[in-house]
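Observations on the model geometry
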Amino acid sequence: MSVTHDTRVQVRPATAQRPALRGWPEINNPAAWIVASILLIMPLIANGFFLIEIFATTLILGTMALSLMLLAGYAGMVSLMQLTIAGFAAYMVAVFGVSGNANISLGWPWWLAVPMALALATIFGTLGGALAVRTEGIYTIMITLAIGAAFYYFTNQNWAIFNGHTGINTVATPHFWGVDWRADIPFYYIVLAVAALCYFAVEYVSRAPFGLTLQGVRDNPRRMAALGFNVNAHRVAAYAVASFIAALAGVLQVWNYRQISPGSVSVGACIDVLIIAVVGGITRPIGPYIGALIFVLLRTFALDFLVKIGLDGNRFRLLIGLGFLAIVFWSSDGVIGLWQRWRQSQRPAANRAGGGGRGHG
Amino acid sequence: MTRFVERHPAWALIVIIAIALALWLIFAVWPPGLEDAIGRKRVFLNAVFNGITLGGLYFLVASGFTLIFGLMRNVNLAHGSLYLFGGYVGYAISASTGSWILSFIIAFILTALVGVLLQVIVFRRMEGQDLRQTMVTIGLSIVFADLMLWACGGDFYQIQTPNWLIGPIELPLITAIKSSGEPVYLRYPLVRLVIFAASVVIGVAMWLALNRTRMGMIIRAGVDDRDILAATGVRIQVVFVLVFALGAGLAGIAGVVGGTFQSLSPGEDIRFLLASLVVVIVGGMGSIPGAALGALIIGLAEQLGSVYIPTYAIVVTFLIMVVVLALRPQGLLARR
């Protein structure tokens, strides 16, 4: 939520202490090391269901939400089409690669189909972004939502490429060096590697000149234009970077489920990505992953939980919606904002300057 | 209008030629060559009428949306939920009392009440924070959608058309000439025409209310600069509540209309939200005539598209939006 004008003040303290944190802030944070090592040895702890359905799904959704976080948090543009870009990449993997629908799929090997899908999805997202940057603020939400919805209805109607509402099934997953990379453990590591790569890339971008310029554009586009920066070009470039991240997540998603259908690119799913990012917090790259974990846990266990306390198990979306409303109402920075506020109230004045900036969990 | 012609003579000429061509296509008896090329005239006329009447429905939904946006800068993404809510209320009323007219009145009142509650309880707290309001409306639309799914289930509902509106009427438009030389006239469902006429009446009434009454003057002033308006002593919160009630109520009416000539089911809320978004983006944010023009264009594009290029109908709608954004980002009839 830091993208609104009124909350801009909250972003400033974090920027002010940046010189102290040059380099990678994670190196000095014991919590980050603990999380990283837990994630690395996860296959030893969790069985197949938890590994894939919970953790890999969390990382995939988190990466999609990360691309939104990059746009919303650093560039001030809330795009609802990140899932659409991911879905487009997923469709392209299915169309160019091998799948059960032989009349549609071109049957390229995965190492050709995936770069093609990534490139096309990035182009798609960049074009959408170029359209969206012609307007500002809330208009961006509307236009990107319209793009997302149009894509959903288009996939539903088009049978030649997208195979209508049945979608494309049994998409082949990569097999090489004698390893089935869709088997639980290798797939988990692929997802983890991609998620970590995207996470650190976004964190790097946020401190690179490009990212700093973006944050300048977010805070005062007119001043940045006066300084000689091409505001719109930076925004479109941000869309391009975010699209690439979303496309990576989309490729992983199609490998995860082995199928893609209009249901996976529906408007509700587009909004879920926004919910994930906002619930987690869109000021830091870790936020989307926390949000995704909460979302996936809720989605998986809310049914059992609701039934256990004697309510209708189908009201999971109600729970999500109410939780989202509560977060938007009471915390402008999602769960990490709440966590930070709690820590600050625990530790008065003395530690506030040093410990406030990072909220790793 | 004359200013537009003076400033863009080429565009004005293109528009006039397009209108003339459209009128000729509608009124003239098609020569055989044309029928061979693009099919029967009856199909074309039906698509045009469906498009225009669908445009009327879109206008009802989008005008409330654009009114609320224009005054309060609040992109109400829960507008589709209000539409569906109005539809369900209308269905319940017409099923229990059998009165179609009553269902409009009750649906208007109840959705307007929901709108008032939303404005008083939720949006007043976060005035001026556009993005936060939009996020809240997204959350609300999820909650509403699930509550309505809970209450009404996933079935399709259709509101019963009253007896006096059932059946087609003959319009004085010739679709073909029989071999005996006898003209064949177009037959079209009466209910759709009545609903279209009603939406035109509502649109004109809204335009008059906005441009000829004191209240409308206040609302227009609020669209231009609400801070100065508040400073002149107008009780702007009351105006906000009224406009929100009107906008929400219109969505409710549109729900009953949509429930009568289409059907109500979960997912329709998103469809009509998308429609009003596109209509408003094309027509221009916050402009009632813009909403009318946008609704007409989108309705026609959707229906003609689904007749002549079935797989790509949605793309046509979308392309229109892209072209408008590329040429005139603020929308066709927006003032800025």
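Owing to the predicted nature of the structure, the values given are computational and were not obtained by experimental measurement.

Scanning chain B from N- to C-terminus turns up 14 helices and 2 strands. Scaling as 2.2 N^0.38, a compact globule of 336 residues should have a C-alpha radius of gyration of about 20 Å, and chain B matches this with 21 Å. With respect to the three principal axes, the spread of C-alpha positions in chain B is 70 × 55 × 35 Å. Across the 336 residues in chain B, those meeting the buried criterion constitute 47%. Taking contacts inside chain B between residues at least 6 apart in sequence as the whole, the part at least 24 apart equals 74%.

Helix and strand counts for chain A come out as 16 helices and 2 strands. Here chain A holds 361 residues, and 46% of them are scored as buried. Within chain A, contacts between residues separated by at least 24 positions form 74% of all contacts whose residues are at least 6 apart in sequence.

All names here are of chain A. Compared with the 39 Å implied by 1.5 Å per residue over 27 residues, the 39 Å span of helix α11 (residues 231-257) between its first and last C-alpha is a close match. With 19 of its 27 residues buried, α11 lies for the most part within the structure. Looking one or two residues beyond α11, the residue adopting positive phi is R258, at roughly 65°.

With that settled, the discussion passes to the interface of chain A and chain B. The partner chain B presents 30 residues to the 35 residues of chain A that form the contact. Put simply, the parts of the chain that give the side of chain A that touches chain B at least two residues each are α7 (138-157), α12 (267-280) and α14 (316-330) of chain A. No other element matches α7 of chain A, which puts 11 residues into the side of chain A that touches chain B. In the side of chain A that touches chain B, the residues fall into 25 nonpolar, 6 polar and 4 charged.

Let us now look at the nonpolar core. Membership of the largest hydrophobic core comes to 205 residues, with the highest contact counts inside it found for A89, V93, A146 and V251 of chain A together with V61 of chain B. Per element, the largest residue contribution to this core is 16 residues, and it comes from helix α4 (residues 41-72) of chain B. Sequence-distant contacts of V61 of chain B, defined by excluding residues within four places in its chain, comprise Y83, A251, A254, F272, A275 and S276 of chain B.

Another point: the environment of N230 of chain A. Along the polypeptide, N230 of chain A turns up in the loop between α10 (221-226) and α11. A tally of 13 C-beta atoms within 10 Å means that N230 of chain A is categorised as partly exposed.

Residues and elements named next belong to chain A. For chain A, per-residue confidence averages 78 on the pLDDT scale, and 86% of positions sit at 70 or higher. Every residue in residues 1-21 scores below 50 in pLDDT, and together they form 31 contacts with partners more than four places removed in sequence or on other chains. Taken together, the stretch residues 350-361 has pLDDT below 50 and engages in 21 contacts with residues farther than four places along the chain or on a different chain.

On to helix α7 (residues 130-152) of chain B, then. Residues and elements named next belong to chain B. Over its 23 residues, α7 extends 32 Å from the first C-alpha to the last, a length consistent with the 33 Å expected when each residue adds 1.5 Å. Burial within α7 is extensive, with 17 of its 23 residues counted as buried. Positive phi shows up at G153, right after α7, with a value of about 75°.

Residue and element names in this part refer to chain A. With their axes 8 Å apart at the nearest point, helix α6 (residues 110-132) and α11 run at an angle of 140° to one another. The orientation of α6 with respect to α11, classified from their angle, is oblique. Pair α6 / α11 crosses with right-handed handedness. The residues of α11 that touch α6, namely those facing V114, A117, L118, A121, T122, G125, T126, G129 and A130, are V236, Y239, A240, A242, S243, F244, A246, A247, L248, G250 and V251.

This next bit is on unusual backbone geometry. The backbone of R258 of chain A sits at a positive phi, close to 65°, despite the residue not being glycine. Residue classification places R258 of chain A among the partly exposed positions, given that 16 C-beta atoms sit within 10 Å.

Let us look at the packing of helix α13 (residues 286-308) of chain A against helix α15 (residues 334-346) of chain A. Relative placement of two packed helices is described by the angle separating their axes and the distance separating the axes. All names here are of chain A. Contact geometry for α13 and α15: axes closest at 8 Å, N-to-C directions at 105°. As far as their axial angle goes, α15 and α13 are roughly perpendicular. For the pair formed by α13 and α15, the contact residues are I286, G287, I290, G291 and I294 on the first element and G334, V335 and I336 on the second. For the contact of α13 with α15, the residue count by class is 5 nonpolar, 3 polar and no charged.

Bringing the environment of I271 of chain A into the picture now. You can see I271 of chain A is positioned in helix α12. In this structure I271 of chain A comes out as buried when scored by C-beta crowding, with 23 C-beta atoms within 10 Å. For the pair I271 of chain A and L80 of chain A, spaced 191 residues apart in sequence, the C-alpha to C-alpha distance is 6.6 Å. Filtering out sequence-adjacent residues up to four positions away, I271 of chain A remains in contact with L80 of chain A together with I138 of chain B.

Residues and elements named next belong to chain B. Mapped onto the elements, F261 comes out in helix α11 (residues 236-261). For the pair F261 and L165, spaced 96 residues apart in sequence, the C-alpha separation works out to 12 Å. Contact partners of F261, with chain neighbours within four places excluded, come to V191, R192 and I195.

Residue and element names in this part refer to chain B. Mean pLDDT over chain B stands at 83; residues scoring 70 or higher make up 96%. Of all secondary-structure elements in chain B, the lowest mean pLDDT belongs to helix α3 (residues 32-38), at 69, while helix α5 (residues 79-97) reaches the highest, 90. At the level of chain-chain contacts, confidence expressed as ipTM amounts to 0.73, with global pTM at 0.80.

Procedures and definitions
Residues numbered from 1 in each chain as written. Chains lettered and ligands numbered in written order. Predicted model: local features only at pLDDT ≥ 70, side-chain atom pairs only at ≥ 80, totals over all residues. Helix = DSSP H or I, 4+ residues; strand = E, 2+ residues; numbered from the N terminus. Rg over C-alpha atoms; globule rule 2.2 N^0.38 Å. Buried ≥ 20, exposed ≤ 12 C-beta atoms within 10 Å, placed from the backbone. Contact = placed C-beta atoms within 7 Å. Expected span 1.5 Å × (residues − 1). Nonpolar A, V, L, I, M, F, W, Y, C, P; charged D, E, K, R; others polar. Core = buried A, V, L, I, M, F, W, Y, C linked by C-beta atoms within 7 Å. pLDDT = per-residue confidence, 0-100. Axes fitted to C-alpha atoms, helices over the stretch in contact; angles between N-to-C directions. Parallel < 35°, antiparallel > 145°, perpendicular 65-115°, else oblique. Left-handed = near helix turned anticlockwise from the far one by under 90°.

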